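Inside the fold
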Amino acid sequence: MSTHASNTADTTTATPILVRTREAEIVQDGPTSLITLLADTPGMTANLATFQKGSPGAPAHFHTRASEMFHVTEGTMRILLGEEIVTLETGDFLLVPPHMPHAFAPAPDTEAKMLVVFTPGMDRFDYYRLLERVHRGEADFAELRETSERFDNHYVDSPVWRQALAGA
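Residues numbered from 1 in each chain as written. Predicted model: local features only at pLDDT ≥ 70, side-chain atom pairs only at ≥ 80, totals over all residues. Heavy atoms only, no water.

Describing the overall build of the protein chain
What the protein chain contains, in helices and strands, is 4 helices and 10 strands. What you see in the protein chain, going N to C, is helices and strands ordered as β-β-β-β-β-β-β-β-β-α-α-α-β-α. In terms of overall size, the protein chain behaves like a compact globule, its C-alpha atoms giving a radius of gyration of 16 Å where 168 residues would be expected to give roughly 15 Å. Each of the three principal axes of the protein chain carries a C-alpha extent, and together these read 50 × 35 × 30 Å. Every one of the 168 residues in the protein chain was classed for burial, and the buried ones make up 42%. Accessible surface, the protein chain as shown: approximately 8,600 Å² in total, 53% of it carbon and sulfur. (Helix = DSSP H or I, 4+ residues; strand = E, 2+ residues; numbered from the N terminus. Rg over C-alpha atoms; globule rule 2.2 N^0.38 Å. Buried < 20%, exposed > 50% of the residue type's maximum accessible area, 1.4 Å probe, protein only. Areas by Shrake-Rupley, 256 points an atom, 1.4 Å probe, with all protein chains shown as cover.)

Topic: the nonpolar core
Among the nonpolar cores identified, the biggest contains 29 residues, and Phe70, Met77, Ile79, Phe104, Met114 and Tyr128 are the most heavily contacted of them. Setting aside residues no more than four positions away along its own chain, phenylalanine 104 makes contact with Phe51, Pro56, Gly57, Ala58, His61, Glu68, Phe70, Met77, Arg78, Ile79, Met114 and Trp161. If you look at the next biggest cluster of nonpolar residues, it comprises 5 residues, including Ala60, Leu80, Ala103 and Trp161. (Core = buried A, V, L, I, M, F, W, Y, C linked by side-chain atoms within 4.5 Å. Contact = heavy atoms within 4.5 Å.)

Observations concerning the confidence of the model for the protein chain
Of the residues in the protein chain, 91% reach a pLDDT of 70 or more, and the chain-wide mean stands at 91. pLDDT under 50 marks residues 1-5. Its contacts with residues more than four places away, or in other chains, come to 10 contacts. (pLDDT = per-residue confidence, 0-100.)

Here's the deal with the packing of aromatic side chains
Inspection of every chain in the model, using the stated rule, returns 5 aromatic pairs. The aromatic ring of tryptophan 161 is capped on one face by arginine 78, whose charged end is 5.9 Å from the ring centroid. Sitting over the ring of phenylalanine 118, arginine 124 keeps its end group 3.8 Å from the ring centre. (Phe/Tyr/Trp six-rings, centres within 6.5 Å; stacked < 30°, edge-to-face > 60°. Lys NZ or Arg CZ within 6 Å of the ring centre and 35° of its normal.)

Topic: the pattern of salt bridges
Going through the model one piece at a time under the given rule, you end up with 6 salt bridges. Ionic pairing is found between glutamate 132 and arginine 136, a salt bridge with its closest N-O pair at 3.4 Å. Within this pair, glutamate 132 and its partner arginine 136 are both found in helix 1 (residues 125-136), separated by 4 residues, close to a single helical turn. A relative accessible area of 52% places arginine 136 in the exposed class. In this structure, arginine 162 engages aspartate 157 in a salt bridge whose closest nitrogen and oxygen atoms are separated by 2.9 Å. Owing to a relative accessible area of 56%, aspartate 157 belongs among the exposed residues under this scheme. A network of salt bridges, in which partner residues are shared, links Glu25, Asp126, Arg129 and Arg150. (Salt bridge = Lys/Arg side-chain N within 4 Å of Asp/Glu carboxyl O.)

This is how it looks when you write it as structure tokens:
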């Protein structure tokens, strides 16, 4: 079987995508979270998100063109779905359709890992790299807002999510 070392292959070809852990790019989007970039193709984008205790996770946002799938591989995650917060345990799976506001963070006092997959994909790795530049102080949040259409990531205010994080 042939493998493809690149994690940006075109899935319309018959070439599989194989990403070895030691070869995967890892970006730090905050002091308590990492994103391991797995695959970024027209068909899907995949990453492994790792959260330390106290991580704020991802703020409330929605996508207009992509569904986002979450599979918790370790720990417990809290997920905002519209105006409701659900808890996902190790092994749980969730699909969030386009236009639904959502956010995620590890449950209080826990660490967690989660496989995140978008379909369709859209060269989203540059968005994660921009998050890392914001974290490092090399870019500001305004740049993220300016890329909302390009990366299909639209931030929204969620009083429910703000309250949940404040009560953590």
